[in-house]
Amino acid sequence: MMIRRFLFSLILLAAGTAAGQDYPIRPVPFTDVKLTDRFWAPRIRINHDVTIPIAINHCYRTGRIDNFLAAGKKIPGPFRTTFPFDDSDIYKIIEGASFSLQTFPDPALEARIDTLIEIIGIAQEPDGYLYTSRTIDPEHPHSWAGAKRWEKDPSGSHELYNAGHLYEAAAAHYQATGKRTLLDIALKNADLVLKDFGPGKLAYFPGHEVIEMGLVKLYRVTGKREYLDLAKYFLDIRKGGEEYSQSHIPVTEQTKAVGHAVRATYLYSGMADVAALVGVPAYVNALNAIWKDLLDSKIYITGGIGAAAGIEGFSAAYELPNLSAYNETCASIGLVFWCHRMFLLTGDVQYMDVLERVLYNGLLSGVSLSGDRFFYPNPLESRGNHERSEWFGCACCPGNVCRVIPSVPGYAFAVTGKRLTVNLFMDGTASVEMNGKAVELKIQTEYPWKGDVDIVINPEEHSAFELAVRIPGWARNESIPGGLYQFRDFCDSAWTVELNGKQAECRVENGYAVLERKWEKGDRVTLRLPMPVRRVYADTRIDADLGRVSLQRGPLVYCVEWPDMPGSQVRHIVLESVALLAASFQPGLLGGVVAIEGQAKFLSRLDDGSIAQKQVPFKAIPYFAWANRGPGDMQVWIAQSPEALRLPVKTIASSSRISGSHSTRELSAINDQEEPANSNDHNVIHYDWWPLKDTLQWVQYDFGKTETISRVSVYWFDDGPWGGCRVPESWTLHYLDPAGAWKPVAASSSYSVDKDQFNTVDFKPVQTQALKLEVRLSKTHSGGILEWVVE
């Protein structure tokens, strides 16, 4: 362990020491933090025992490992997976496993990683190039790659992206084991990139950022200044591209969070690294402006970012829908990276406030409680159309989960000069060096369920320094920095700090309670954070949240989910502002969580068109825990009055039983009476036949009684240009005659297939108990339906 601690310190500080410049604040490495809590420690264990092993197994099962073997000519055959960046999944898992090995020494896992590294080395070309798609078939590489190395990286080859994750994994593996096996592979590749790129050489900017952070880590390991200079070079040549990849204008001129959210956060993290190590004020100015734009109008209450599914990225200001919220798990992880770097650069509490929000909400929801299923998007509303998956074709998120979970303790503490900072509250111990002397911190807390935090300071000998304890924004009546979401009910239960059982004399400085003294062994600082249930309201410019409220307790955002509500209905609930709410720990619920309970109103539309309402029990659970009891309705933002609900009058279609040729939960979309704004409106759910194409498909309404019908209207789903669904080639309508035979209607108008509108067909009235809509899908794309109206 001492060797590993030394290696971590070397990686973290050697380069900065050599250059005389680095982040002014130094994190306490996670290797020096031992958790014993009931929240994070079990999750870190599950990540080691379940998530990392199954991720490795999936890489074998899906052909990712075989790609390396085929590139090394150990097995025959083509590139076996879908994306050219599939190589990176293995690197991320190795990075996560390397982190985990430092907490849980595991010879079997270490041996598995050694085998993977050997396979990676087999695939590397003699000059260091490592990109399995091209090496397997140099004449016919992946369609996203160019005929020449690197030339299509700005548009999507991901050669430099793969390299960046390789470098990060290599640094982590060297830190964990002291072995140079993966490090030597990474350095050989990095030296090739150095040879090919730089002033007077190639000037292709990385299409998907991450190599900048990877190069900085190699610089920290080796002290080789050229790696740091190349990271800066890649940042400085970003121009002439698109907003999607943050290459539309030079990084120093950027002021808005735009484009693909994961790429963006990786870029901003790389800029912070280089700014810290080189000193680039223009980078910091740009980062400050982008951060303000993010907090002002582009972040969700859960800390999720990147609302738009089509680009996996940022929408326009205040465009934050709930049902279609994308909020990629990888984007939350990238935001954690960026927040932590900005804190190390500035010491500003707002970055740790946002980091905590993301960790406990938008990030943690990305993995199931069992550790073996994953969300790619993390919406704030579901109608049963979201469920975690075992794996993905594009599997970046599981690998990222593998590497971030074991590193969480490393965000808790930091040191600068004579100040020791406590940022996150987790039961356990931390070993810190202050002024050349060892200090042990023992944290005792049941956070995030309870707000009392005991910090016992055990210095090696009497030692004078400042202890700065973060007072979370939510305890300072600030829901989130920036004011996009606010508490309206001012909490008069103030936080307090005690020293050895008495009220402490401390100063409040930028969100921190600072105690300065000569510390003795056994000194105890107690932070008491009241945790009332708070109602949160969104900026009125966020249309999706108008007339609605969300609930927060401590750092946790809450949601209502189908198993806890009468009839599994959450969309018809009204939580009035006067409703009393109480929180209690429920050990049998979702592994043990604090739930919020009270009374709400349940509204329903009666057959005569009137609205009935009744009092029902109300329960909300932490957002991170949703979708662990099966798919169903969920929402974070709850109506405060009947006016915020949509209760349409029943129609023939909405009262029908639906069936289809491709049976999915989304069948209910076609008669939910939610009219879309356009054919690619993800704010309403849709039914589709993906991945089928060039086939005859159908949907059917059974009325349960005889109805007279003379018109139908269909709104086609089409998510072009990025998605796989288009309007169909053609369609026809059939009715069930009294003899039980299907017959075509006698249409008096054409069967149109237009986008962004209802396609209406009038026909000779028929009396029937069922209608069937037959659809001939496009030869090249699948198709779907947003709404089917019957008159």
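Structure's up top.
Bear in mind the structure is a predicted one, so any value in this text is a computation, not a measurement.

Trainee: Please set out the pattern of salt bridges residue by residue, giving values where relevant.
Mentor: Opposite charge on two side chains lets them pair, provided their charged atoms get close. All chains considered together, the criterion is met by 57 salt bridges. We note a salt bridge from Glu466 to Arg507, for which the minimum N-O separation is 2.8 Å. Remark: Arg507 occurs in strand S13 (residues 507-509) and Glu466 occurs in strand S9 (residues 463-470); sequence separation between them is 41 residues. Accessibility expressed as a relative area gives 34% for Arg507, which makes it partly exposed. Of the charged contacts, one joins Lys619 and Glu597 as a salt bridge, the two residues approaching to 3.9 Å between their closest N and O atoms. Residue Lys619 is located in strand S22 (residues 611-622), and its partner Glu597 is located in strand S21 (residues 593-605); the two are separated by 22 residues in the primary sequence. On the basis of relative accessibility, which here comes to 31%, the residue Glu597 falls in the partly exposed class. Where salt bridges share partners, they join Lys418, Arg419, Glu466, Arg507, Glu509 and Glu516 into one cluster.

Trainee: Hey, could you go over the sheet that holds strand S15 (residues 523-528) for me, with residue numbers and the actual values?
Mentor: Taking strand neighbours across the sheet as the criterion, the seven strands line up as S2-S6-S7-S8-S15-S11-S12 in an open arrangement whose pairing is antiparallel. Each of the sheet's edge strands pairs with one partner strand only, and the pair in question is strand S2 (33-35) and strand S12 (502-503). The sheet contact formed by strand S7 (residues 437-445) and strand S8 (residues 452-459) spans seven bridges and is antiparallel. Each bridged residue has a counterpart across the sheet, and for Val439 the counterpart in S8 is Pro459.

Trainee: Explain helix H7 (residues 159-177) to me, and be specific about the residues and the numbers.
Mentor: For H7, spanning 19 residues, the distance from its first C-alpha to its last is 27 Å, which sits close to the expected 27 Å at 1.5 Å a residue. Burial analysis of H7 places 18 of its 19 residues in the buried class, the great majority of the element. Directly beyond the C-terminal end of H7, a positive phi value near 80° is found at Gly178.

Trainee: I'd like a description of the packing of helix H10 (residues 225-236) against helix H11 (residues 261-278), backed by residues and values.
Mentor: For the pair H10 and H11, the least separation of the axes is 10 Å and the interaxial angle reads 130°. The angle between the axes of H10 and H11 places the two elements in the oblique class. For H10 against H11, the interelement crossing comes out left-handed. Here Arg225, Leu228, Ala231, Lys232 and Leu235 of H10 come into contact with H11, specifically with Leu267, Gly270, Met271, Val274, Leu277 and Val278. Class assignment of the residues belonging to the contact of H10 with H11 gives a composition of eight nonpolar, one polar and two charged.

Trainee: Summarise the nonpolar core; cite the residues concerned and give the values.
Mentor: By size, the foremost hydrophobic cluster in this structure holds 227 residues, and its most contacted members are Trp40, Tyr167, Phe234, Leu335, Leu441, Tyr485 and Phe618. For Leu335, the contacting residues outside a window of four places in its chain are Thr265, Trp291, Leu294, Ile299, Gly303, Ile305, Val354 and Val358. Membership of the second largest hydrophobic core comes to 28 residues, among which are Tyr687, Trp689, Phe703 and Leu771.

Trainee: Hey, could you go over helix H2 (residues 40-61) for me, with residue numbers and the actual values?
Mentor: Three- or four-residue spacings in an α-helix give side chains the same orientation, since the helix completes a turn every 3.6 residues. Taking 1.5 Å per residue as the helical rise, H2 with its 22 residues ought to reach 32 Å, and the 30 Å between its terminal C-alpha atoms agrees with that figure. Approximately 40° is the largest bend angle found in H2, and it occurs at Asn47. When we look at burial in H2, the residues that qualify are Trp40, Ala41, Arg43, Ile44, Asn47, His48, Thr51, Ile52, Ala55, Ile56, His58 and Cys59. For H2, the secondary structure elements touched by its buried residues are S2, helix H3 (64-71), helix H4 (87-101), helix H5 (107-123), helix H14 (349-363) and helix H15 (396-404). Phi turns positive, to about 95°, at Gly63, one or two residues after H2.

Trainee: An account of the pairing of strand S4 (residues 413-416) is needed here, citing residue identities and associated values.
Mentor: A regular strand carries its side chains on alternate faces of the sheet. By the bridge criterion, two bridges tie strand S1 (residues 26-27) to S4 in an arrangement that is antiparallel. When the bridges of S4 are listed, Pro27 appears paired with Ala414. Linking S4 to strand S5 (residues 419-422), which pair antiparallel, is a turn of two residues; within it Gly417 sits at a positive phi near 55°.

Trainee: Tell me about the packing of aromatic side chains, and name the residues and values.
Mentor: A full pass over the atoms with the stated rule returns 35 aromatic pairs. An angle of 70° between the planes, with centres 6.1 Å apart, marks the rings of Phe68 and Tyr91 as edge-to-face. A residue pair is termed long-range when its members are at least 10 positions apart, and Phe68 in helix H3 and Tyr91 in helix H4 qualify at 23 residues. A relative accessible area of 1% places Phe68 in the buried class. Overall, the relative accessible area of 1% leaves Tyr91 in the buried class. Ring geometry for Tyr687 against Trp689: centres 5.2 Å apart, planes inclined by 75°, an arrangement best described as edge-to-face. You can call Tyr687 buried: its relative accessible area is 0%.

What counts and what doesn't
Residues numbered from 1 in each chain as written. Predicted model: local features only at pLDDT ≥ 70, side-chain atom pairs only at ≥ 80, totals over all residues. Heavy atoms only, no water. Salt bridge = Lys/Arg side-chain N within 4 Å of Asp/Glu carboxyl O. Helix = DSSP H or I, 4+ residues; strand = E, 2+ residues; numbered from the N terminus. Buried < 20%, exposed > 50% of the residue type's maximum accessible area, 1.4 Å probe, protein only. Pairing = 2+ DSSP bridges. Expected span 1.5 Å × (residues − 1). Axes fitted to C-alpha atoms, helices over the stretch in contact; angles between N-to-C directions. Parallel < 35°, antiparallel > 145°, perpendicular 65-115°, else oblique. Left-handed = near helix turned anticlockwise from the far one by under 90°. Contact = heavy atoms within 4.5 Å. Nonpolar A, V, L, I, M, F, W, Y, C, P; charged D, E, K, R; others polar. Core = buried A, V, L, I, M, F, W, Y, C linked by side-chain atoms within 4.5 Å. Bend = angle between axes of the 7 residues up to and from the residue. Phe/Tyr/Trp six-rings, centres within 6.5 Å; stacked < 30°, edge-to-face > 60°.

Purely spatial values, then, with no claim about function.
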